[in-house]
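# Descriptive analysis of the structure
Chain residues, written in single-letter form:
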Amino acid sequence: MSDDLDAIRASTEAAVAAASDLRGLDAVRVGALGKSGTLTALLKGLGAVAPEERKARGAAVNAVKQAVERALEERRGALEAAALDARLLAERLDVSLPARPHPPAGAESGAIHPIARTVEELTAIFGAMGFTVAEGPDIESDWYNFNALNIPAHHPARQDQDTFYLPPAHGAGFETVLRTHTSPVQARTMLAGDPPIRVIVPGRTYRADHDATHSPMFHQVEGLVLDRQITLGHLKGCLIDFLRVFFNIADLPVRFRASYFPFTEPSMEVDIGWDRRTGELGRGSDWLEILGSGMVHPKVLANCGIDPQEWQGFAFGMGIERITMLKHGIPDLRPFYESDVRWLRHYGAPALAPFTLHDAG
Ligand code: PHE
């Protein structure tokens, strides 16, 4: 009786070892342990064994069953690993291949939305100047959006910004707003790390405003530079360079005009030269306001745990829709958010043509 058991064990284990794929292995499992498998038959046959031999015979059959199960499991692991290796090899992608310049025949090509394109472009330009990108939440506490930036409660600047207030979060202990500008990320960046700091913050912003030139949701890019010896000259050089490269006009006139922001001192509005009548940039005798800027107010530095005696720098905030409309001659703000495919096709950038810094400035 024990011979057939040894023989079954030997032949099953040989079959397991010989199985070259998972399907073959499963056939071996069914042949031994399936409903009419060889080992199953032996287990079923235990009832017919004489009572005094049944215990020993049962133990022996079970031992073989367990050994076969172990062998099956091991082989399955090995075959699965080999199958995965083969698949990885077969599906290997060469990520260094250049993108196809044209969509495959019959396929429609997509386009990059002008906002995304501008964000890519300005990230590349400021990136070349050593800036990194920082982010913050769209839903912001009023402390970051206002107080940290030297705009205390009841300050008139709070009214200027047509803030969307959110229902007070239960037990939060502070009010939450949809951020009205990207400036709260100045405070977040200063609190998160030590100077020197050189970041831009492209992102969504919100104000309760809606007409042909205002959308309740729009985009800004903030800039913040802090170091030991930063002056107004750095602010001007940085922004003039940026604007001339972004608009690809090497001699674009740029004007700095004294202004007021609670979080910068002194503060300056920045204008570029254009012809109001034709909309042409860099020509004519008109000025167009593009962005706000200034030297970071010492109170803002102190609010964010930075010693104003040691560190100083500049900040700026710019409307992304505004510079996008100017650069591409887009007359109306509203279609930016309407997802009209015809508009996207017209103003969108080819998805597969990588953006390159052009050589102005
Ligand atoms: N946060 C200001 C605004 O939204 C712009 C700004 C940013 C001005 C940084 C100065 C410095 O109008």
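What comes next concerns the included structure. (Residues numbered from 1 in each chain as written. Predicted model: local features only at pLDDT ≥ 70, side-chain atom pairs only at ≥ 80, totals over all residues. Heavy atoms only, no water.)

### Digging into the site of the ligand
In the vicinity of the ligand there are 14 residues, among which His181, Ser183, Arg207, Gln220 and Gly317 approach most closely. Contact distances for the ligand include 2.9 Å between a nitrogen atom and a side-chain N or O atom of Ser183. A distance of 3.0 Å separates an oxygen atom of the ligand from a polar side-chain atom of Gln220. A total of 330 Å² of accessible area belongs to the ligand in isolation, and the protein chains cover 91% of it. In a pocket analysis with a 2 Å cut-off to the grid points, the ligand is assigned to the largest pocket. Those elements that place two or more of their residues in the shell around the ligand are strand S6 (217–227), strand S9 (286–296) and strand S10 (312–319). Broken down by element, the shell around the ligand gets its largest block of residues, three residues, from S10. (Near = heavy atom within 4 Å. Polar contact = N/O pair within 3.5 Å; in protein donor to acceptor, adjacent residues only side chain to side chain. Areas by Shrake-Rupley, 256 points an atom, 1.4 Å probe, with all protein chains shown as cover. 1 Å grid on protein atoms, 1.4 Å probe; cavity = no way out; pocket = protein on both sides within 12 Å on 5 of 7 lines; lining within 4 Å. Sits in = over half its atoms within 2 Å of the grid points. Helix = DSSP H or I, 4+ residues; strand = E, 2+ residues; numbered from the N terminus.)

### Topic: the side chain of Gln220
Among the structural elements, Gln220 can be located in strand S6. Relative accessible area serves as the criterion here: at 10%, Gln220 is assigned to the buried category. A distance of 2.9 Å separates a polar atom in the side chain of Gln220 from the backbone nitrogen of Thr182. For Gln220, the residues in contact, after removing those within four places along its chain, are Thr180, His181, Thr182, Val201, Pro202, Gly203, Thr205, Arg207, Met318, Gly319 and Ile320. (Buried < 20%, exposed > 50% of the residue type's maximum accessible area, 1.4 Å probe, protein only. Contact = heavy atoms within 4.5 Å.)

### Overview of empty space enclosed by the protein
On inspection of all chains with the given rule, the structure shows one cavity of 30 Å³ or more. When its volume is computed, the largest cavity comes out at roughly 30 Å³. Elements supplying a minimum of two residues to the lining of the largest cavity: helix H2 (22–33) and helix H4 (51–90). When the residues that make up the lining of the largest cavity are grouped by side-chain class, the tally is two nonpolar, no polar and four charged. (Points joined across faces, edges and corners; volume = space filled by probe spheres on them. Nonpolar A, V, L, I, M, F, W, Y, C, P; charged D, E, K, R; others polar.)

### Re the packing of aromatic side chains
A ring pair, where both rings are aromatic, is described by two values, the distance of the centres and the angle of the planes. Per the stated rule, a full pass over the model turns up 10 aromatic pairs. With 5.5 Å between their ring centres and 20° between their planes, Phe242 and Phe246 make a pair best called stacked. Taken together, the positions of Phe242 and Phe246, both in helix H9 (residues 232–247) and four residues apart, correspond to about one turn of that helix. What links up through ring pairs into an aromatic cluster is the set Phe126, Phe131, Phe242, Phe246, Phe247 and Phe316. The side chain of Arg188 reaches across the aromatic face of Tyr144, ending 4.0 Å from its centre. The side chain of Lys327 reaches across the aromatic face of Phe246, ending 4.3 Å from its centre. (Phe/Tyr/Trp six-rings, centres within 6.5 Å; stacked < 30°, edge-to-face > 60°. Lys NZ or Arg CZ within 6 Å of the ring centre and 35° of its normal.)

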